[in-house]
Amino acid sequence: IGSSGSGMFVTRHYGHTSEKFALNGELRFYDIKADDETIVYDYYTGQYKTVGGKSLFMLPALIGANYYPFVGKIENNFLPFITAKGGVVTTLDGKEFGTFSERWKNPVIQFSPGGFLGVGIDFKMIGQSFVMVMVGLEFLPLNKEADGQTDYSGFLIHLSFNRRAK
């Protein structure tokens, strides 16, 4: 969940043998919301619909590392970490009106640099699984304007359920 909308992540996490570092790669899928976007009930059709929305979709592909400064110092099932990631953000900007196919027929596509800086905690669980909670600032600047803005950076809360590969 972020300042400009919500999304989903696909992550690959590689722990280092020292357990102080972990390399990771992420592909994120974001549906960007407008500041004035809301859901209304249409009495004519009896359906709910979104008004004031944007047809904007972002795909950040990031690589980075987690640093675990307290490995061996905390005797529990949680590991605090600091993380930094960088990569490329693909932005697809569709038209704001029309049917779904009309809005996404010829979207404007752009590529720009992006990144994330944050802190988090890995909560280890039974069976090589863990829950990761992370908060931080996500950097999503654009090379050119999309839906009235050139920067969709903001605060991000990331919650994931993970299973370590054997």
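The structure under discussion appears in the preceding block.
Residues numbered from 1 in each chain as written. Predicted model: local features only at pLDDT ≥ 70, side-chain atom pairs only at ≥ 80, totals over all residues. Heavy atoms only, no water.

Peer 1: Explain the packing of aromatic side chains residue by residue, including any values.
Peer 2: All chains considered together, the criterion is met by 5 aromatic pairs. For the pair F21 and Y67, a centre-to-centre distance of 5.3 Å together with 40 degrees between the ring planes defines the contact as tilted. Of this pair, F21 sits in strand β2 (residues 21-32) while Y67 sits in strand β5 (residues 56-67), placing them 46 residues apart in sequence. One Lys or Arg, R28, reaches over the ring of F116 and ends 5.3 Å from the middle of that ring. (Phe/Tyr/Trp six-rings, centres within 6.5 Å; stacked < 30°, edge-to-face > 60°. Helix = DSSP H or I, 4+ residues; strand = E, 2+ residues; numbered from the N terminus. Lys NZ or Arg CZ within 6 Å of the ring centre and 35° of its normal.)

Peer 1: Quick one: what's the story with the pattern of salt bridges, residue by residue and with numbers?
Peer 2: This structure, assessed with the given rule, holds 3 salt bridges. The partner of E26 in a salt bridge is R28, and the shortest N-O contact between them spans 2.5 Å. One exposure class covers both E26 and R28, and it is buried. Ionic pairing is found between R28 and E138, a salt bridge with its closest N-O pair at 2.1 Å. Here E138 lies in strand β8 (residues 129-139) and R28 lies in strand β2, a separation of 110 residues in the sequence. Each member of the pair, R28 as well as E138, carries the same accessibility label: buried. (Salt bridge = Lys/Arg side-chain N within 4 Å of Asp/Glu carboxyl O. Buried < 20%, exposed > 50% of the residue type's maximum accessible area, 1.4 Å probe, protein only.)

Peer 1: So what about the nonpolar core? Which residues, and what values?
Peer 2: Counting 19 residues, the largest nonpolar core has Y30, I32, M58, Y68, L140 and Y152 as the members making the most contacts within it. Elements with a minimum of two residues in this core: β2, β5, β6 (78-93), β8 and β9 (141-146). (Core = buried A, V, L, I, M, F, W, Y, C linked by side-chain atoms within 4.5 Å.)

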